[in-house]
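Spelled out, the chains give:
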Amino acid sequence: MGANYRSACRGKSTADMIAKLSLVEEEADESLYWMELIVEVGLLPLEKVSNLMSENTEILAMTVASIKTLRNKSKIQNLKSKI
């Protein structure tokens, strides 16, 4: 997630940033899946991974919010260019 986020910060355009942040979203969701599976199969108790799962969920929420903000920004820019 971190490397993809860093890459998104260096995006060449809004569309590029959205594409790269979408990778962060995918990786965060996948990480959460693996943590849930680790708990479900009994490799670790929930207490051992709950803080990490919470942080991951926060990262996922912030990433989704950033993508939405960039999409809205892009829509506004497109509307302004048509005027």
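About the cut-offs
Throughout this description, residue numbers start from 1 for each chain and increase along the sequence as written. For a predicted model such as this one, the threshold for reporting local features is a pLDDT of at least 70, and the threshold for listing and counting side-chain atom pairs is 80 or more; totals across whole chains, interfaces and linings nevertheless cover every residue. Side-chain calculation: all heavy atoms of the structure are included, whereas hydrogens and water are not. Residue-level confidence of the predictor is what pLDDT reports, using numbers from 0 through 100. Only DSSP runs of H or I reaching four residues or more are called helices, and only runs of E reaching two or more are called strands; each is numbered from the N terminus. Each axis is a line fitted through C-alpha atoms, taken for helices only over the stretch in contact, and angles between the N-to-C directions span 0 to 180 degrees. In these notes the angle categories are as follows: under 35 degrees is roughly parallel, over 145 is roughly antiparallel, 65 to 115 is roughly perpendicular, and the rest is oblique. Take the far helix as the reference: if the near one is turned anticlockwise from it by less than a right angle, the crossing is left-handed, and if turned clockwise, right-handed. Residue contacts are counted whenever heavy atoms from the two residues lie within 4.5 Å of one another. Residues are grouped as follows: nonpolar covers Ala, Val, Leu, Ile, Met, Phe, Trp, Tyr, Cys and Pro; charged covers Asp, Glu, Lys and Arg; every other residue, Gly included, is treated as polar. Side-chain atoms within 4.5 Å are what join buried Ala, Val, Leu, Ile, Met, Phe, Trp, Tyr and Cys residues into a set we call a nonpolar core. Only protein chains enter the accessibility calculation, which uses a 1.4 Å probe; a residue is then buried when its area is under 20% of its type maximum, exposed when over 50%, and partly exposed in between. Helix span is expected to be 1.5 Å times the residue number reduced by one.

A. Up close: the confidence of the model for the protein. Looking at the protein as a whole, its pLDDT mean stands at 95, while 100% of the residues score no less than 70. Mean pLDDT across the elements of the protein bottoms out in helix α3 (residues 46-82) (93) and peaks in helix α2 (residues 14-40) (97).

B. Fine view of the packing of helix α1 (residues 2-9) against α2. Interhelical geometry of α1 versus α2 gives an angle of 165 degrees and a closest axis separation of 8 Å. Accordingly, the angle class assigned to the pair α1 and α2 is roughly antiparallel. With respect to the hand of their crossing, α1 and α2 are arranged in left-handed fashion. Residues Asn4, Tyr5, Ser7 and Ala8 of α1 touch α2, and the partners they reach there are Met17, Lys20, Leu21, Leu23, Val24 and Glu27. In terms of residue class, the contact of α1 with α2 is built from six nonpolar, two polar and two charged.

C. Focus on the nonpolar core. Listed in full, the six residues of the largest apolar core are Ala8, Ile18, Leu21, Val24, Ile67 and Leu70. At the level of elements, α2 and α3 are the ones that each hand at least two residues to this core. For this core, the element with the most residues is α2, which contributes three residues. Excluding anything up to four places from it in sequence, Val24 contacts Met1, Asn4, Tyr5 and Thr63.

D. Up close: α2. Between its terminal C-alpha atoms α2 stretches 39 Å, which fits the 39 Å expected from 27 residues at 1.5 Å a residue. Buried residues of α2: Thr14, Ile18, Lys20, Leu21, Val24, Ala28, Leu32 and Met35, and no others. Tucked inside the fold, the buried residues of α2 contact α1 and α3. Phi turns positive, to about 85 degrees, at Gly42, one or two residues after α2.

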